[in-house]
Amino acid sequence: MLSHGRRRACENWAGAAKKEARKRWLSLHVENNAPRITSIRVYQLGIPIVGRSFQCGRQKTLEVLDSTVVQIKTNIGVEGWGEHCPFGSVYLPAYAKGTRVGIQEIGPALIGKNPSHLLEIDQTMEESLSGHPYVKTAIDIACWDILGKMAKLPLCSLLGGRFAEHVPVYLSTSSGINAHSLVEDMRRYKAEGYKKFQCKRGGDPDEDVKMIKLAASELTQGDTLWADGNCAYSTNDALRLIHGLRDVDLKIPFFLEQPCKAYEDNLFVRKRCPFPMILDENVDSIEMILQVARDKAADMVSIKPAKIGGLTRAVQLRNLCTSLGMKMNIDDVGGSCIISAMTAHLAASTPPQFVNAACDFWAPLEKDTRVCHNSPRITNGYISVPTAHGLGVEPKMEFLGDPLFVID
């Protein structure tokens, strides 16, 4: 027969063992019910450009954009959607077929991972494929979509809050159009209520001066214009452009965007430019944002999730810019209404004093190619921010067809 003391010790031990068993059961229960990626489905979507082809700088003229749409399925029945759509194969070091090949490389390592653990997903992708951030973009966005649906919150609530129900968007005009078409486009977009315009240039500086003046002549008080060289100018050509515009009364806010490819060349131009400047293609990391701030190399930067690997890293750059007091265009390279919804959420979750504009990808694209239910709508130059959980949009399967491949 056990003494009272020994019986008490056994009871304490049994109680502790029961608690530990309960803890292990709960851990196992929670673990088994945690979201896990069960499959990654990859689709190809061709997005035709309206009426005429589109050109950036001196790059290849495009008539159709080749987009990759990703669907991630989980064991809890929640699925997420993401997209990556390069603007051809020469605008940035990214191409559509490379996106899909890269997903085949990194996809197997993601099966069984918790999609709501965004940094773990980011690290897993980096360990599976060093660099090539564009490959990881669609998967990262899809994981954010899942997180929003699990939390029963729209994406902007997770990214920082909803500062606005609608955010301003800008429109781009092709560098490959003639004067008549430029005027036609500017007047049509003005009539639709847009107030922010990006004039793609990057050709002969003297001709570009004429086209920029022509675009500016169609604008009025309250409008903003910037000329985007898309890295196409040499420093000499950029200075010729600046000289040609120096004495022009543009009467509206005017910016020069990314005239040259190399950061050092843009800094050289910046020191000789009377206009505020925007840097875009150079801005691809935290280190570069800090470099721009130290050098005072730009008055504004463009944050493109596709350029850096998705929303997880874009939020890091966005937050750094707000801390530095740096204004941003929050846009992307291209895409369907999946990307439009994503950029609208990111822009809406940013304090408005730091946002110049998001981008309307759909203006130059076929309106009936809206591949999603509940696509964001644009009215008077502002895009609506979806209110449903996650991205707030769901692709229409009749547009996507069968997946090119499935990883499970």
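Here, every reference points to the structure presented above.
Here goes a summary of the coordinates provided. All figures in this text were calculated on a predicted structure; none of them were measured in a lab. (Residues numbered from 1 in each chain as written. Predicted model: local features only at pLDDT ≥ 70, side-chain atom pairs only at ≥ 80, totals over all residues. Heavy atoms only, no water.)

1. As for the packing of aromatic side chains
The criterion, for reference: Stacked, tilted and edge-to-face are the three classes assigned to paired rings of Phe, Tyr and Trp, where Trp is represented by its six-membered ring and a pair needs centres within 6.5 Å; plane angles under 30 degrees give stacked, over 60 edge-to-face, the rest tilted. Note on conventions: DSSP H or I runs of at least 4 residues are helices, E runs of at least 2 residues are strands, and numbering of each starts at the N terminus. Exposed residues in this analysis have more than 50% of their type's maximum accessible area, buried residues have under 20%, and partly exposed residues fall in between, with area computed by a 1.4 Å probe over protein chains only. Throughout this description, the term charge over a ring refers to an Arg CZ or Lys NZ atom that lies within 6 Å of the ring centre and within 35 degrees of the ring normal.
All told, the structure shown has four aromatic pairs when counted by the stated rule. For the pair Tyr 43 and Trp 81, a centre-to-centre distance of 6.1 Å together with 35 degrees between the ring planes defines the contact as tilted. Taken together, the positions of Tyr 43 in strand S1 (residues 37-48) and Trp 81 in strand S3 (residues 79-84) put the pair 38 residues apart, joining distant regions of the chain. The residues Tyr 43 and Trp 81 share a single accessibility class, namely buried. Between Tyr 170 and Trp 226, the aromatic rings sit 5.2 Å apart at their centres with planes inclined by 65 degrees, giving edge-to-face as the arrangement. Remark: Trp 226 occurs in strand S6 (residues 224-228) and Tyr 170 occurs in strand S4 (residues 166-173); sequence separation between them is 56 residues. What makes Tyr 170 buried here is its relative accessible area of 4%. The residue whose ring lies beneath Arg 272 is Phe 268, and the NZ or CZ to ring-centre distance is 3.6 Å.

2. Concerning the side chain of Thr 312
What counts, and what does not: As used in this structure description, the phrase polar contact means that two N or O atoms lie within 3.5 Å; if the pair is within protein, one of them must be able to donate a hydrogen and the other to accept it, and residues adjacent in sequence are counted only when both atoms belong to side chains. Contact between two residues is taken to exist if any of their heavy atoms lie within 4.5 Å; hydrogens are not considered.
Following the sequence through the fold, Thr 312 ends up in helix H12 (residues 311-324). With relative accessibility at 8%, the residue Thr 312 sits in the buried group. Within the local environment of Thr 312, its side chain forms a polar contact with the side chain of Asp 140, the two groups lying 2.6 Å apart. Excluding its chain neighbours within four sequence positions, the residues that come into contact with Thr 312 are Leu 118, Leu 119, Asp 140 and Trp 144.

3. Side note on the packing of helix H3 (residues 118-128) against helix H4 (residues 133-151)
Filter applied, for reference: Axis lines are fitted to C-alpha atoms, over the contacting stretch for helices. Their N-to-C directions set the angle, which ranges from 0 to 180 degrees. Angles are sorted into four bins: roughly parallel if under 35 degrees, roughly antiparallel if over 145, roughly perpendicular if 65 to 115, and oblique for all others. The sense of a crossing depends on the near helix, which, turned anticlockwise from the far helix by less than a right angle, makes the crossing left-handed and, turned clockwise, makes it right-handed. Charged means Asp, Glu, Lys or Arg here, nonpolar means Ala, Val, Leu, Ile, Met, Phe, Trp, Tyr, Cys or Pro, and polar covers whatever is left, Gly included.
The interhelical angle for the contact between H3 and H4, taken along N-to-C directions, is 160 degrees, at an axis separation of 10 Å. In terms of orientation, H3 and H4 fall into the roughly antiparallel class. Like other packed secondary-structure pairs, H3 and H4 cross with a definite hand, here right-handed. Facing Leu 118, Ile 121, Met 125 and Glu 126 of H3, the residues of H4 in contact are Lys 136, Ile 139, Asp 140, Cys 143, Trp 144 and Leu 147. Grouping the amino acids of the contact of H3 with H4 by side-chain chemistry returns seven nonpolar, no polar and three charged.

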